[in-house]
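Summary of structural features
Spelled out, the chains give:
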Amino acid sequence: MAIIFKFVLKSIKEKKFRAFLILFSIMMSSALFFAAGAMSNSMEKMVVDRIRKVVGSSEIMIHAGSDSPSPFVSTAGAERFKEKVDYAVGCITGSAVYETEKKEHIRLNLYGYSLEELQSFNPISFSTYGEVPFVGKRLIVSSLFAKENSISVGDNITITIRGSKHRFSIAGIANDTGLFTDDGRTSAVVVPRETLAAVYGVKGSVSTIFIKPAAGEDKGELIRGLSRVYEKYKVAESIPMEDIKRETDSMTIPFMMMVVMVMLISVFIIYTSFRVITAELMPVVGTFRSIGATRKMTDIVLLSQSLIYGIIGGALGCIMGIGILWVMSRMMMNMGFNSSGFAAAIDFEPQQMGFAFLSAVLLSIVSSIIPILKASKLPVKDIVLNTIERKTKKSNWKLIAGLMLFAAVVTVPPFIPREHALIVNSAVMTAACISIVLLIPYITHVFLRIFEAIYLYVFGNEGVLAAKNLRDNKNMLNNISLLAMGISTILLINTISFSVFKEVTNGYKNLNYDIELSLKDMDRSALASLRRIEGVKDVYGSYITYDVELSDGKSRLIALIGADTKKHLEYYDVGFDESHEVLLERLSQDRNIFISKALQTKFKLNEGDYMTIKTPSGYRDYKVIGFFDSIMWNGQVGFISDKYFIMDMKQRSYTEILIKTSEDVDLVVDRIKTKFKSTSTYISTIRDMEERNQNSNEALFNIFRIFSIMTMVIGVFGVLNNYAISFIERKRGLAMMRSMGMNKLQTVKMIFIEALSGGLIGGTIGVIMGVLLIMTVPYVLRAIDLPIKIHYSVPMLLSSILAGVVVAVVASISPALKSSKFNIIEAVKYE
Amino acid sequence: MEALKRIPITEAQRAVIETCSLYKTYKLGAVDVEVLKDINLSIHEGEFVSIMGPSGSGKSTLLYLIGGLDKPTAGSIKINSKELSVMKDKEQSILRRRDIGFVFQFYNLIPNLNIEDNIMLPILLDGKRIRDHRKKLDEILEVVGLTDRRGHTPRELSGGQQQRVAIARALINEPDIILADEPIGNLDSKTGTEVMELLRKINKEKGKTIVQVTHSRESAAYGDRVINVKDGRVWQ
Ligand SMILES: Nc1ncnc2c1ncn2[C@@H]1O[C@H](COP(=O)(O)OP(=O)(O)OP(=O)(O)O)[C@@H](O)[C@H]1O
Ligand SMILES: [Mg+2]
């Protein structure tokens, strides 16, 4: 036994590149598998971290909702639960404006706390504290704010709250962590709660109550109890884990799709490598079997080899995975997370690492088991006498299986159930790849027939010879498979990214205005004063409620719009074909709603059906009277007339103000900023919004691109390895041709034409495979509520084919050079 | 006593292969191995010559030098009065294509090309159109007796059949010279005889010059002349 192991080790040592290739693909698969899994954890952690900055260690939060009688909630109710809680901390929130020496306006978020209570559940880390009781007109500011405005403890500053000026002295300066983390837009300020209560004129009431249940108390029960007391208020978990999970899970699906591709290419590489490995070790295995080793023993030796690859690859993969995860969460920062108080975080559960490791071992064993078992079934006599029957009869099972899988891949996706999108789609993608790989010999055959005819005229006889050489050439078929898988994965990601870009661009094209604005008071008088600004052509106050629950309690609209029947379609061009007025008139006649086509398919609604919406005044039935195409708010959007919106949603002021300009947009923005400087405003041009949107999408796709590039890298290494193998195998044939008078130039030309042909075929099949994969994507995206239409880019398809050619030709440079140098006689002489 | 039949050399018969003070030395690390020493040979048009000698004496080396597959350390080789050593790779290749046909002990067919394609390789390499040489192919397949096997791949053929394919391949471009390194070394005596008969036929009917390396007296008897090589020297 030990001796067979020695042979195994020797064969690993001799074929270093192959060993590297197997390890590399296993490592990459498990690393990306781990990173994709842990990514959703990390995103969860990032979101939770951000929320924790405000909610501290609390687990339950009570605050007013849109249907509450007052924005403030009395702390008296919570008193009754004294025994059941660790703490119940009240907080009054508000906002203020600080004018800097340069006359800039900084928006301050005010948090009214009793310092003692705050320190108990969300402690401030002080840079300096002035040793004064935290009462009266005192403030705690962040280090950043203090530094930027040259403020130190004991100084006095003036801030504007609700239009009136107040003078405060600085009691302390906090480090920029926790509540004071810089979010780039506003600055947190802690004020004594009683002081803020006095300013707002509330006694015994707060904006939010943060609660931590006492040890042993059931959180759910406590929430139910509190809900009964605070009937008209929102009692919820401080960290809405379920919502967060739902969000991050939808991110996991695309990641896992990419992992499937990486795994597939690895399976292919390990499988083909082990076919060669077992063939090489056959004589040794045969000899051992002939002197009494059992089949089991030799199987174990071969399997242990793949086990070793799996273990080493898995271990390396876990380490690598942490690195990739780190890079990915860095890249997440570019998705606009950094501006809202996110910090890069890496988080994973130990099981995930265990799973990744296990996946590596499984990957290695599963991919190598078929060649190993096949080899072990061969009769000893045949191995020893080297009379292993060579396959001569051509079986067509590959063709049949390939075509059947292909048919399945084309027909199944429309029936993918939403709940099982991830699993079913992974299976469909796997089937798509396998079907193409099975069909590759046949597709290649057709290509070669064509090439043989064309090459005579393009490249002369060397071309014909090259085409003939590629027939039934295993190494070339492997290369074509590898190229196809790599290219299709890159194409998949780039096409989706391109489609999203296109869709978003189209989406913004439908917005017929230039500026979006939100002010403190958004009413008719605000519209009027905006209209008076030079360069403002028209103004429209838009009503929107976000995150609207539907009657099933699970589904939500991202946005419900209350539309002004006269103006709405002038601002949002949603591509209606009927005349606008007629449609909008119908909207205002009753509780009618237009919904997006995405919602139409999601809920299978027809015209005349009803959609039940949860409003502050209870459930309301809206009759669906039409559909429109939109990608805004991911297409999870509907609009009703403003009349019913105000009635049902109980919202008086506009959500945002849309402005059309007649002059340079930036100029108008500046004028608006000057005019509204003392009240807090949010203003953005549509152009900037689009840019930010595209950038954050791009950042997301860059993360996916890592995966697709990894697939391609593995593929390219595989191709290089195949070229090395194929050169050794072909040396004799090449020497033969040289002896028959093929000159060096002809040899090189032939090898390059072969590579070119392989690349062309690989690239083209890659495109076919890519398109097949892409065709399944809309169904998956729909399942995660992202109704993206696929846009193909012809230059992208063509450059994919070109990529195949470039990889193949570059990979053949080394064999081509070697072919003109090797010793002919050596290659010809011996059997 | 039955002497080997000698064909009288007349003025009309010109030397197609000539070597002059041919030396070949292999460097094995620091040691120089002199494989061929001062070889002077002259082989005439239409001759069938057998090179014999013990294993390792340098027979194959000599044959490959003549065919231009390797370079001599010193001395000259002339094929059809043209000096090999001054030719570039391209010219030598053309010479191998048009003037020389090789046959090897291990057939050396290209496994994934069928019999037809294997035989037509030299035509392809010479930049000629396959379709212009169909008739020629049929003829040669007839000569080697493999007409019914033309579409098969090499591994579907027996050793003797494969060797006949190799001979057909050596003939397709109608070279003047055929160089064969132990052409029947891998065959049983019956198929060996068949192959030798074939070579003799080609020599007699087509007037090709044949140089073969062989270990067998019977096989050498098919030729006109024997050149004995021992320790890198020729002993006539
Ligand atoms: N590439 C090489 N490097 C070093 N020595 C070589 C090389 N090729 C051949 N030789 C040596 O040259 C000598 C002659 O070799 P060659 O193949 O010509 O012998 P041969 O007469 O054909 O023998 P056989 O009858 O066994 O085929 C041998 O001693 C061999 O070891
Ligand atoms: Mg020899």
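Please refer to the structure placed before this passage.
This report concerns the structure included in the present document. (Residues numbered from 1 in each chain as written. Chains lettered and ligands numbered in written order. Predicted model: local features only at pLDDT ≥ 70, side-chain atom pairs only at ≥ 80, totals over all residues. Heavy atoms only, no water.)

1. Some details on the interface of chain B and chain A
Facing 28 residues of chain B, the contacting portion of chain A comprises 28 residues. For the pair chain B and chain A, the summed buried surface comes to about 2,800 Å²; carbon and sulfur atoms form 59% of the total. There are three salt bridges connecting chain B and chain A. The residue Arg471 of chain A makes a salt bridge to Asp117 of chain B at a minimum N-O spacing of 3.8 Å. Elements represented by at least two residues in the side of chain B that touches chain A include exactly helix H2 (89-98) and helix H3 (115-125) of chain B. (Contact = heavy atoms within 4.5 Å. Buried area = accessible area lost by both parts, 1.4 Å probe. Salt bridge = Lys/Arg side-chain N within 4 Å of Asp/Glu carboxyl O. Helix = DSSP H or I, 4+ residues; strand = E, 2+ residues; numbered from the N terminus.)

2. Points about helix H1 (residues 59-66) of chain B
All names here are of chain B. With eight of eight residues buried, H1 is to be regarded as a mostly interior element. Within the span of H1, buried status applies to Lys59, Ser60, Thr61, Leu62, Leu63, Tyr64, Leu65 and Ile66. Note on H1: the residue one or two positions beyond its end, Gly68, has a positive phi of about 75 degrees. (Buried < 20%, exposed > 50% of the residue type's maximum accessible area, 1.4 Å probe, protein only.)

3. Focus: the site of ligand 1
Around ligand 1 lies a shell of 15 residues, among which Ser55, Gly56, Lys59, Ser60 and Thr61 of chain B are the nearest. Chains contributing residues near ligand 1 are chains A and B. The separation between an oxygen atom of ligand 1 and a polar main-chain atom of Gly56 of chain B is 2.9 Å. Gly58 of chain B is positioned with one of its backbone polar atoms (N or O) 3.0 Å from an oxygen atom of ligand 1. In isolation ligand 1 has 630 Å² of accessible area, and contact with the protein removes 73% of it. Here the shell around ligand 1 gets three residues from one element, more than from any other, and that element is H1 of chain B. Among the residues forming the shell around ligand 1, the class breakdown is four nonpolar, seven polar and four charged. (Near = heavy atom within 4 Å. Polar contact = N/O pair within 3.5 Å; in protein donor to acceptor, adjacent residues only side chain to side chain. Areas by Shrake-Rupley, 256 points an atom, 1.4 Å probe, with all protein chains shown as cover. Nonpolar A, V, L, I, M, F, W, Y, C, P; charged D, E, K, R; others polar.)

4. Observations regarding a nonpolar patch on the surface
Judged by side-chain polarity, Val446, Ile450, Ile454, Tyr457 and Val458 of chain A come together as a nonpolar surface patch covering roughly 490 Å² of accessible area. Along the chain, the position of Ile450 of chain A falls in helix H13 (residues 421-458). (Patch = residues over 30% accessible without salt bridge, like charges linked within 9 Å, V, L, I, M, F, W, Y side chains within 5 Å.)

All we've got here are geometric facts, nothing functional implied.
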